[in-house]
Amino acid sequence: MNVELRYLRALVAVVDAETFTDAAIELGTSQAAVSRSIAALEQALGLRILQRTTRSFTPTPVGERIIAHARRVLDELALLERVAGDHGSELRVGYAWSALGRRTIALQRQWEELHPDVSLVWVQSNAPSGGLADGSADVAVRRRPLTEGRFTSTPIGAEARFAALAASDPLARRRVLRMADFAGRTIAVDRRIGTTSEELWPEESRPAGFRPVQGVDEWLTLISTGQALGMSSEATAAQNPRPGVAYRPVRDAPPIEVFLACWRDDPSPLVADFIRLAREAYAPG
């Protein structure tokens with residue numbers, strides 16, 4: 001039996017992302033490569049793991065068990081890598097779009113004073129776990145908590161919501177916007193890791209539609225070209241300036257809670273120190 005780790009990573013990514021296309025994006029490879037890995041795993045095991053249709057898939061009964069085992073194997077590998085990393089000289093912080101916004105640089109300097117021998121490395125990851133599951137991050141900045149039992153999410157503060165719109169849009173002439181200003185417009189959203197959904201608006205003033213995107217660059221491109229508006233945290237506005245894009249605070253929008261996620265069984269004092277510093281950075285005053 002020749003089962004490679006990349007086969008297991010492809011299987012778990014497909015199940016978590018719910019499409020082969022999104023799994024390929026998360027893994028940084030092609031859809032064809034993901035399909036080949038799943039097929040190779042099924043051939044190596046001599047079992048059908050996923051029952052495919054033209055538009056979707058469902059795990060077979062035995063596939064459900066294989067997926068559970070694959071998660072455990074990858075989790076144990078990630079734990080092994082993290083144990084080895086604890087004896088290294090860096091703490092890796094995963095983030096999707098904007099780390100901690102304007103607070104990022106100040107926290108970096110504090111960390112260097114507290115831990116001069118341990119580098120604080122910021123790792124961009126669009127994975128649902130912020131890089132925790134695949135071992136690329138030791139702690140992850142999240143703007144909604146992780147619900148999987150293997151992770152724990154600690155609230156550290158809250159951020160205001162900002163609108164993002166083309167600089168040529170008439171709304172950009174205003175200093176402040178309201179939720180009602182989005183009515184009748186198209187909103188670009190990242191449904192996998194974003195914080196914006198139609199439930200934010202009352203039914204009578206909801207946007208005309210929502211256009212899905214994959215990541216901040218696609219989001220900003222749609223907005224700068226006038227094809228959509230966006231809404232995100234103040235951290236996105238601070239950390240992602242783009243020519244042709246204007247950011248404006250949305251006065252009556254609910255704030256976004258910020259979390260730091262890590263492995264539930266991780267006793268690392270470095271992670272604990274980072275969480276403490278981040279919470280202090282968000283403290284009022």
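Quick notes on the rules
- Residues numbered from 1 in each chain as written.
- Predicted model: local features only at pLDDT ≥ 70, side-chain atom pairs only at ≥ 80, totals over all residues.
- Heavy atoms only, no water.
- Salt bridge = Lys/Arg side-chain N within 4 Å of Asp/Glu carboxyl O.
- Phe/Tyr/Trp six-rings, centres within 6.5 Å; stacked < 30°, edge-to-face > 60°.
- Helix = DSSP H or I, 4+ residues; strand = E, 2+ residues; numbered from the N terminus.
- Buried < 20%, exposed > 50% of the residue type's maximum accessible area, 1.4 Å probe, protein only.
- Pairing = 2+ DSSP bridges.
- Axes fitted to C-alpha atoms, helices over the stretch in contact; angles between N-to-C directions.
- Contact = heavy atoms within 4.5 Å.
- Core = buried A, V, L, I, M, F, W, Y, C linked by side-chain atoms within 4.5 Å.
- Parallel < 35°, antiparallel > 145°, perpendicular 65-115°, else oblique.
- Left-handed = near helix turned anticlockwise from the far one by under 90°.
- Nonpolar A, V, L, I, M, F, W, Y, C, P; charged D, E, K, R; others polar.
- Polar contact = N/O pair within 3.5 Å; in protein donor to acceptor, adjacent residues only side chain to side chain.
- Arc of directions from axis to C-beta.

Quick look at the pattern of salt bridges now. Counted under the stated rule, the structure contains 17 salt bridges. The network of salt bridges with shared partners includes E42, R48 and R52.

Evaluation of the coordinates by the stated rule reveals seven aromatic pairs. With centroids separated by 4.9 Å and ring planes inclined at 65 degrees, the aromatic side chains of F151 and W263 adopt a geometry described as edge-to-face. Taken together, the residues F151 in strand β6 (residues 151-159) and W263 in strand β12 (residues 256-263) connect sequence positions 112 residues apart. W263 carries the same exposure label as F151, and that label is buried. The rings of W111, W122 and F274 are connected pair by pair, giving a single aromatic cluster.

On to the sheet that holds strand β5 (residues 139-142), then. Across the sheet, which stays open at both edges, the five strands sit in the order β4-β3-β5-β12-β6 with mixed pairing between neighbours. A strand with exactly one partner marks an edge of an open sheet, and here the two such strands are β4 (119-124) and β6. Taking the axes of each pair of neighbouring strands and ignoring which way they run, one obtains an average angle of 25 degrees across the sheet. When β5 meets β12, the two strands line up antiparallel, connected through three bridges. Bridge pairing links R142 to F259 in β12. With respect to the sheet, helix α5 (residues 104-114) is in contact with β3 (90-95) and β4, its orientation differing from that of β4 by roughly 150 degrees. Docked against the sheet, helix α8 (residues 269-282) engages β3, β4, β5, β6 and β12, running at close to 20 degrees with respect to β6.

This part takes up the nonpolar core. Counting 22 residues, the largest nonpolar core has L100, W111, L260 and F274 as its most contacted members. The set of elements that each furnish at least two residues to this core consists of β3, α5, β5, β12 and α8. No other element matches α8, which puts seven residues into this core. Beyond its immediate stretch of four places on either side in the chain, W111 contacts L91, P116, V118, S119, L120, L270, D273, F274 and L277. L11, I38, F57 and I66 belong to the second largest nonpolar core, which has 21 residues in total.

Let's shift gears to the packing of helix α1 (residues 5-17) against helix α3 (residues 31-45). How two helices pack is summed up by the angle between their axes together with the distance between the axes. Two elements in contact, α1 and α3, have axes separated by 8 Å at closest approach and are oriented at 115 degrees. If you check the angle between α1 and α3, you find them roughly perpendicular. Here α1 runs over α3; the crossing is left-handed. Touching R6, Y7, L8, A10, L11 and V14 of α1 are V34, S37, I38, A40 and L41, all from α3. Looking at the contact of α1 with α3 residue by residue, the class counts come to nine nonpolar, one polar and one charged.

On to the side chain of E234, then. Its location among the elements puts E234 in helix α7 (residues 234-239). What makes E234 buried here is its relative accessible area of 18%. At 3.4 Å, the side chain of E234 forms a polar contact with the side chain of R103. For E234, the contacting residues outside a window of four places in its chain are R102, R103, E159, A160 and F162.

Another point: the environment of S37. Along the chain, S37 falls in helix α3. C-alpha separation for the pair S37 and I156, spaced 119 residues apart in sequence, amounts to 39 Å. The contacts of S37, once residues within four sequence positions are left out, are R6, Y7 and A10.

Let us look at α5. What α5 keeps buried is the set T104, L107, Q108 and W111. Looking down the long axis of α5, one finds its buried residues gathered within 105 degrees of arc, a one-sided arrangement. Residues of α5 that are exposed and point over 90 degrees away from its buried face: I105, R109 and E113. On its buried face, α5 sits against β3, β4, α7 and α8.

Another aspect to go through is the sheet that holds strand β10 (residues 230-233). Across a sheet, paired strands are connected by hydrogen bonds in the backbone, their directions being either parallel or antiparallel. Pairing within the open sheet is antiparallel, and its three strands lie in the order β10-β7-β11. Either end of the sheet is taken by a strand with one partner, and the two such strands are β10 and β11 (245-249). Looking at each pair of strands side by side, their axes are set apart by 35 degrees on average, direction ignored. Examined bridge by bridge, strand β7 (residues 161-166) and β11 share five bridges and lie antiparallel to one another. From the neighbouring strand, A164 faces β11, where its bridge partner is Y247.

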